[in-house]
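So you can see what is in the structure, the chains are spelled out below.
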Amino acid sequence: MRSPISRPPITRMSLPGAGAAPFLRATISRDARGCGLTGPALLNRFPAGAYCSITWFLEGSVELLSCGGDAGLRQPLARCVVGGCQTAPFTSRNQGEVHAFFAMFYPDAFHALFGVDLARVQNRFADAREVLPAHALGLVDAVFAASSDDERRRLIEDFIAQWAHGAALPAWTRMRRLGGRLTLALASKVLGIGPRQLQRVAPRQAGASLQTLARLWRGERSFLRAQRQYLAGHEVDMADHALVNEYADQSHMVRDCKAQTGRTPLQLARDVQSEEADWIYRLEFSLDDDNPPTRPA
């Protein structure tokens, strides 16, 4: 009888160089070929997040099962898809053996590089050839043609270097670092525009409303801090952790965690250790504070 998993999939994450860091969060390669994945191990469960992504399915195909709170999907995905800000957790399923490459962009950076109205791709995964402008389609083809993940990453960073000049990102970067302390009045002051104008431009330029972005940024930082404590062998005191991460109390944190991952913190901690589908949660992303992004020359 065939083992459910003959070997673990190969997952590699790379953080960008200094020039690309204000634009690119990370690149990820996930190679599940030859692993014999079956049943629940074919699933890929992702949290809600304030990022835009381009995903290349280099081999194999994937279908989207849930997205934007809709759990009844069976949507086949194109070979290259653009994902906008996701305000709810989402799940996909591999159709057999899959090799994929992901590029995760800060949403305001994605808007600056590609000129895409991010409100159009919120809670969506659209065919990249129908969403991206003409100057980006060469990148799509080049990544498909590349012979290694290192070459794919270089192509993306070279593209950023070519098209990033003049992109006004520092204000959004500062707002990301404010986390749960971000308010409409403070954001208006940072960006130098009125509150009403900010409410109009935020979904288009940053992927979601300011309130939603603040919640997603806070949730990500809360998870990464808890992950660090866990990996260092320290027990996470949930009540203290909630206060450190600017939640009103532990119940508030639990509600937000469930909204962003579909599970409570304790359920998530259990599943991440045992479920292959939760591979994204096992990646060790750095906090933004670790390597403050610099402006490209």
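The structure under discussion appears in the preceding block.
If you're wondering where the values come from, they're calculated on a predicted model, not measured in any experiment. (Residues numbered from 1 in each chain as written. Predicted model: local features only at pLDDT ≥ 70, side-chain atom pairs only at ≥ 80, totals over all residues. Heavy atoms only, no water.)

In this section: the environment of Glu 284. Its place among the elements puts Glu 284 in the segment after α11 (265-274). Here Glu 284 is in contact with Met 13, Gln 227 and Leu 231, once residues within four sequence places are set aside. (Helix = DSSP H or I, 4+ residues; strand = E, 2+ residues; numbered from the N terminus. Contact = heavy atoms within 4.5 Å.)

The angle between the axes and the distance between the axes are what describe a pair of packed helices. Contact geometry of helix α6 (residues 184-191) with helix α7 (residues 195-206) gives a least axis separation of 9 Å together with a crossing angle of 85 degrees. With respect to each other, α6 and α7 are oriented roughly perpendicular. Of the residues in α7, those touching α6 at Leu 184, Ala 187, Ser 188 and Leu 191 are Pro 195, Leu 198 and Gln 199. (Axes fitted to C-alpha atoms, helices over the stretch in contact; angles between N-to-C directions. Parallel < 35°, antiparallel > 145°, perpendicular 65-115°, else oblique.)

A word on the pattern of salt bridges. Counting across every chain of the model gives 16 salt bridges. Among the salt bridges present, the one from Glu 220 reaches Arg 25, with a minimum N-O distance of 3.5 Å. Placement of the pair is Glu 220 in helix α8 (residues 210-231) and Arg 25 in strand β2 (residues 24-31), with a sequence separation of 195 residues. Judged by relative accessible area, which is 22%, Glu 220 ranks as partly exposed. By relative accessible area, Arg 25 is classed as buried at 4%. Notably, a salt bridge pairs Glu 59 with Arg 33, separated by 2.6 Å at the nearest N-O pair. Here Glu 59, found in strand β4 (residues 52-66), pairs with Arg 33, found in the loop between β2 and β3 (43-46); they are 26 residues apart in sequence, far enough to count as distant. One continuous salt-bridge network, built from bridges that share partners, spans Arg 45, Arg 263, Arg 270, Asp 271, Glu 275 and Asp 278. (Salt bridge = Lys/Arg side-chain N within 4 Å of Asp/Glu carboxyl O. Buried < 20%, exposed > 50% of the residue type's maximum accessible area, 1.4 Å probe, protein only.)

With 15 residues, helix α4 (residues 149-163) should cover 21 Å at 1.5 Å per step; its first-to-last C-alpha distance of 21 Å lies within 8% of that length. Within α4, burial applies to Asp 149, Arg 152, Ile 156, Glu 157, Phe 159 and Ile 160. Axial view of α4: buried residues confined to an arc of 150 degrees, hence all on one face. Of the exposed residues in α4, the ones pointing more than 90 degrees away from its buried face are Asp 158 and Gln 162. (Expected span 1.5 Å × (residues − 1). Arc of directions from axis to C-beta.)

This brings us to the packing of aromatic side chains. The full count for this structure, using the stated rule, is 13 aromatic pairs. The interplanar angle of 45 degrees and the centroid separation of 5.9 Å between the aromatic rings of Tyr 51 and Tyr 106 together place this pair among those described as tilted. Taken as a pair, Tyr 51 in the loop between β3 and β4 and Tyr 106 in the loop between β7 (90-105) and α1 (107-114) lie far apart in primary sequence, 55 residues in all. Taken as a pair, Tyr 51 and Tyr 106 share a single burial class, namely buried. An aromatic cluster of at least three residues, connected via ring pairs, comprises Phe 46, Phe 90, Phe 102, Phe 125 and Trp 279. Here the guanidinium or amino end of Arg 79 rests over the ring plane of Phe 144, the centre of that ring lying 4.2 Å away. (Phe/Tyr/Trp six-rings, centres within 6.5 Å; stacked < 30°, edge-to-face > 60°. Lys NZ or Arg CZ within 6 Å of the ring centre and 35° of its normal.)

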